[in-house]
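Per-entry structural report
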Amino acid sequence: MLALINLKSKKKKMLPEMAKAMSEHAVFEMYSGYIYLQASLAMEKENYKGYSKWLFDHYKEEFTHAEDFIAFLQKRDVTPQLSDIKYEAVNLKTPLEVAKLILEHEKQVTARISALLKQARELGDYASEVFLHSYIDEQIEEEDIAKNNFDLFTLAGDNISAKLSVDLTFTK
């Protein structure tokens, strides 16, 4: 038992600036969830049921990401410092508007995670660096999917049949 206590005391603690940045990102993931939720509600209202469900599923995924960041901080003996989620509603009417918003937002998420990874490297925080690698991979996929959705709705244009056909692809 004494050896376990000794091992824990030797564990490298996360530096305060990294803990703050990771806590802020957990809140940003919740903010991301709000964006997906608002988009889902807008698409439901406009009767794009498939896209609405896909967006709603991503809303839940974003909160799972926030939970991952919180759990990681706790494993590093850090109490996450969560702040208010500052969210301004956006009036969305078309799937193309939503797809553009989501693509732009996912690019922001990628930039934030890349900045966190850079910070972890500069601070020599190898545990955070390893943790963040999975999110770099995640963002490559997220941006690719968002770009594909944007392209599909761009190609559909104002053709309601084409937009509904794209919407049906989200139900598979």
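In this text the structure is predicted, and so the values were computed from the model without any measurement.

For the protein, the helix and strand inventory stands at 6 helices and 0 strands. Across the protein, helices and strands are ordered from the amino to the carboxyl terminus as α-α-α-α-α-α. Judged by the C-alpha coordinates and their principal axes, the protein covers about 70 × 30 × 25 Å. A buried classification covers 40% of the 172 residues belonging to the protein. If you take every contact in the protein between residues at least 6 apart in sequence, the share linking residues at least 24 apart comes to 79%. For the protein, the accessible area works out to roughly 10,100 Å², and carbon and sulfur atoms hold 58% of it. The average position of the 22 basic charges and that of the 28 acidic charges among the side chains of the protein differ by 4 Å.

Bringing the nonpolar core into the picture now. Met14, Met18, Met22, Phe69, Leu116, Phe131 and Leu132 are the most contacted members of the largest nonpolar core, which totals 22 residues. Put simply, the parts of the chain that give this core at least two residues each are helix 2 (16–45), helix 3 (49–75), helix 4 (95–123) and helix 5 (126–156). Per element, the largest residue contribution to this core is 7 residues, and it comes from helix 2. Met43, Trp54, Ala99 and Phe170 belong to the second-largest nonpolar core, a separate cluster that totals 19 residues.

Interhelical geometry of helix 3 versus helix 4 gives an angle of 15° and a closest axis separation of 13 Å. Viewed along their axes, helix 3 and helix 4 adopt a mutual orientation that is roughly parallel. In terms of crossing hand, the pair formed by helix 3 and helix 4 is left-handed. Within the contact between the two elements, helix 3 uses Tyr51, Leu55, Glu62 and Phe69 and helix 4 uses Pro95, Val98, Ala99, Ile102, Glu106 and Leu116. Looking at the contact of helix 3 with helix 4 residue by residue, the classes come out as 8 nonpolar, no polar and 2 charged.

Before going further, it helps to spend a moment on the pattern of salt bridges. With the rule as written, the count across this model stands at 8 salt bridges. One salt bridge connects Lys53 with Asp57, and the closest N-O pair in it is separated by 3.0 Å. In this pair, Lys53 and Asp57 both sit in helix 3, 4 residues apart, roughly one turn of the helix. The partner of Lys118 in a salt bridge is Glu122, and the shortest N-O contact between them spans 3.9 Å.

Here is what the cut-offs are and how they apply
Residues numbered from 1 in each chain as written. Predicted model: local features only at pLDDT ≥ 70, side-chain atom pairs only at ≥ 80, totals over all residues. Heavy atoms only, no water. Helix = DSSP H or I, 4+ residues; strand = E, 2+ residues; numbered from the N terminus. Buried < 20%, exposed > 50% of the residue type's maximum accessible area, 1.4 Å probe, protein only. Contact = heavy atoms within 4.5 Å. Areas by Shrake-Rupley, 256 points an atom, 1.4 Å probe, with all protein chains shown as cover. Lys, Arg positive; Asp, Glu negative; His and termini not counted. Charge placed at Lys NZ, Arg CZ, Asp CG, Glu CD. Core = buried A, V, L, I, M, F, W, Y, C linked by side-chain atoms within 4.5 Å. Axes fitted to C-alpha atoms, helices over the stretch in contact; angles between N-to-C directions. Parallel < 35°, antiparallel > 145°, perpendicular 65-115°, else oblique. Left-handed = near helix turned anticlockwise from the far one by under 90°. Nonpolar A, V, L, I, M, F, W, Y, C, P; charged D, E, K, R; others polar. Salt bridge = Lys/Arg side-chain N within 4 Å of Asp/Glu carboxyl O.

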